[in-house]
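# Summary of the model geometry
Residues per chain are reported as follows:
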Amino acid sequence: MVEAISAKASRLISPRGAMLVALGLIALIAGAIGLTSFATGYVIYIVNLVMVAIVLALGLHIVIGECGQFSLAHAAFYGIGIYTAGLVTNLLGAPFWLSLLAGGLVAGLIGFFIGFLSLRMRDIYLALSTFAFGEAMQWLFLNWTPVTGGPNGLNIKPATLFGFQFLTDRAAFPLVLSVTLVILALVAVLHVSTLGRSLRAVRESEIAAASVGINVTRMKLTAFTLSAFVAGLAGGLYTTFSTFIHPDSLGFQTTIIILTTVVVGGMGSLIGAVGGAMVFGLLSELLRQVPSYQEMIYGGILILFMMYAPRGMFSFVGRR
Amino acid sequence: MSFDVALLFIQQGVASGLVTGSVYALLAVAIVIIYRTTDVANFAGGEFYMAAAYLAFFMIAMMALPFWLAVIATIVVMCIGAGLFQRIVLAQVALARGVAINLVIATLGLSYLVKGIVRSTGFGDTPRTFPSVVPDGSFTIGDASVSYLDVTILGAAVLVMALFFWVFNFTKTGRAMRAVGMNRRAAQLVGINLGRVEMMVWCFASAISGIAAILIAPKLLMTAEMGSVVTMAFAAAIVGGFTSLPGAVIGGFIIGITENMVGLFVSSRAINVAPFVIIMLVLIFKPQGLFGGALKVRKV
């Protein structure tokens, strides 16, 4: 399995491509070192947020980009990840990796359940059931006061690792960066693996996929579960540098932001999802003070991209 | 809970449920005709409703127009706006890459855009009350108390639905809409102007949403978030089968009554989860809804 994947990867990435990737990684690490020594805490906070946005986009990418299934519940899975990870940290004092995984696993489990319920639905029915699930979860976050703190929000203790507490954004930054890179690598592996290919086959045509022996039902369920798992990881990642969560930030508008990210990047493009997340992670932080403009801009972008660039911004630079 | 109280709750729940249900039914009809004819699930339906309420409020309270003039003007503006959206945006989206997901995303974009526009005018930030033209007061049917406004809402909603059913079933325009819903290519072959019919459907749907908004607005506080009621309308449409107009109407009343019953017997805070539970239950056990007929397999 592993050899097969690495063989495929080596065929996909030419020596020149490998060099570029290596150069990119070196530049990234150099940039990271520079960032932690020069930038202010707020800038590092935003960079951390952008990385959470990248992981979130990767999560939605799996279900919508790879498998072609609609999900409007990603803010909910993200929220489940945040609350689970936060509570595990708060109550058990668990190290960050444990709470991170707990967030991912609980979200993945619920994603599996919702995916299972939604198996017979497609297109709009799937959109509607996930939309309703998202609304219901936000209601739960807001009203399950003993657990989530309800409208008062939930304070989250700083993340710990080997007894070291990540008290500041600066301290958490290397952690967030490495977790993001690991998840990115895993999703890239998924993309080139047989599983990824099967998912894309389902996206292109369920009937054709079934006719070559792909278990369509299992693929959809896998995509849904993995996607929710990654969204939960994004939630866990958020708790490593942020100490407070409020249900207001987990509503439908978050789903729209994630959706815009993936749509603008180009549904189905991994690089697009990452690029889109960088742009919109930054943009939503800049527009935080003016919610009405944020709504207009995101709405307008969604419409314009669907009209003139349905394959996303990277279609202009000649992807495929 | 004693039997008498339960009986009172049931009567009151049905009475109030019929009123709110009639509004859900109108919104569900708007969603269903769009889905039936143009294959688009309109996620901006709630924002049509919200925008219409604000438009009417602006004309009545700010420009001091007479009520009837404001209502007509609102409906006309809604018609034009939705028609333009269909003609300019959706036609282009379908042309660029006519996948169902893309069309849905475009309506999601519209819903967000409209919400942002209403909020940026400064109107949507403070909750407002819509002036009522019906005198206050109420009477009782059985043990349930019903206000004059409630009766007006229910009556007007039923009237609008009857009118629409007549248009849909007995006029040439309605026949064209039904034909497009059944088979687009065949409809085109017999000389139906597809673009015009699709635009008309969006006009009709937004007019119906606008009427629903004006009817219910005096009963509730207006906010920019009031469009979230679309979840209820979707639930109603799904209960009815998503392609059936009578189904949408009955679904609307079922959702309205259920909502009120949940509010009275369980907790008013549980109302928000009720549509989710209903949508899930219907989709799991009877995916074709109550009136959807056999599931249609779409040919590739």
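From a predicted model like this one, the values you see are computed outputs, not experimental measurements. (Residues numbered from 1 in each chain as written. Chains lettered and ligands numbered in written order. Predicted model: local features only at pLDDT ≥ 70, side-chain atom pairs only at ≥ 80, totals over all residues. Heavy atoms only, no water.)

### Thoughts on the interface of chain B and chain A
On the side of chain A, 41 residues touch chain B, which itself brings 44 residues to the contact. Taking both partners together, chain B and chain A bury about 3900 Å²; carbon and sulfur atoms supply 78% of that area. A per-residue breakdown of the area chain B buries against chain A is headed by Ile101, Ile105 and Tyr112 of chain B, which together make up 18% of the total. Between the two partners, chain B and chain A, sit one salt bridge. Across the pair arginine 119 of chain B and glutamate 295 of chain A runs a salt bridge, and its minimum N-O distance is 2.7 Å. Considering every element that reaches the side of chain B that touches chain A, the biggest residue donor is helix α4 (residues 100–120) of chain B, with 16 residues. Here the residues of the side of chain B that touches chain A sort into 32 nonpolar, eight polar and four charged. (Contact = heavy atoms within 4.5 Å. Buried area = accessible area lost by both parts, 1.4 Å probe. Salt bridge = Lys/Arg side-chain N within 4 Å of Asp/Glu carboxyl O. Helix = DSSP H or I, 4+ residues; strand = E, 2+ residues; numbered from the N terminus. Nonpolar A, V, L, I, M, F, W, Y, C, P; charged D, E, K, R; others polar.)

### Section: the UniProt feature "transmembrane region" (unreviewed entry) in chain B
Residue and element names in this part refer to chain B. As recorded in UniProt, the feature "transmembrane region" (unreviewed entry) lies at residues 12–35, 55–82, 94–114, 146–168, 199–217, 229–255 and 262–285. Taken end to end, residues 55–82 comprises 86% helix and 0% strand; its first and last C-alpha atoms sit 14 Å apart. Its end C-alpha atoms 21 Å apart, residues 262–285 is made of 71% helix and 0% strand. (UniProt positions renumbered as here; feature names shortened; annotations may be inferred.)

### What to know about the packing of helix α14 (residues 291–308) of chain A against α4 of chain B
Across the interface, α14 of chain A lies against α4 of chain B with an axial gap of 7 Å and an inter-helix angle of 155 degrees. In terms of orientation, α14 of chain A and α4 of chain B fall into the roughly antiparallel class. As α14 of chain A runs across α4 of chain B, the sense of the crossing is left-handed. Facing α14 of chain A, whose interface residues are Ser292, Glu295, Met296, Tyr298, Gly299, Gly300, Leu302, Ile303 and Met306 of chain A, α4 of chain B presents Asn102, Ile105, Ala106, Gly109, Leu110, Tyr112, Leu113, Lys115, Gly116, Ile117, Arg119 and Ser120 of chain B. Across the contact of α14 of chain A with α4 of chain B, the residue classes break down as eleven nonpolar, seven polar and three charged. (Axes fitted to C-alpha atoms, helices over the stretch in contact; angles between N-to-C directions. Parallel < 35°, antiparallel > 145°, perpendicular 65-115°, else oblique. Left-handed = near helix turned anticlockwise from the far one by under 90°.)

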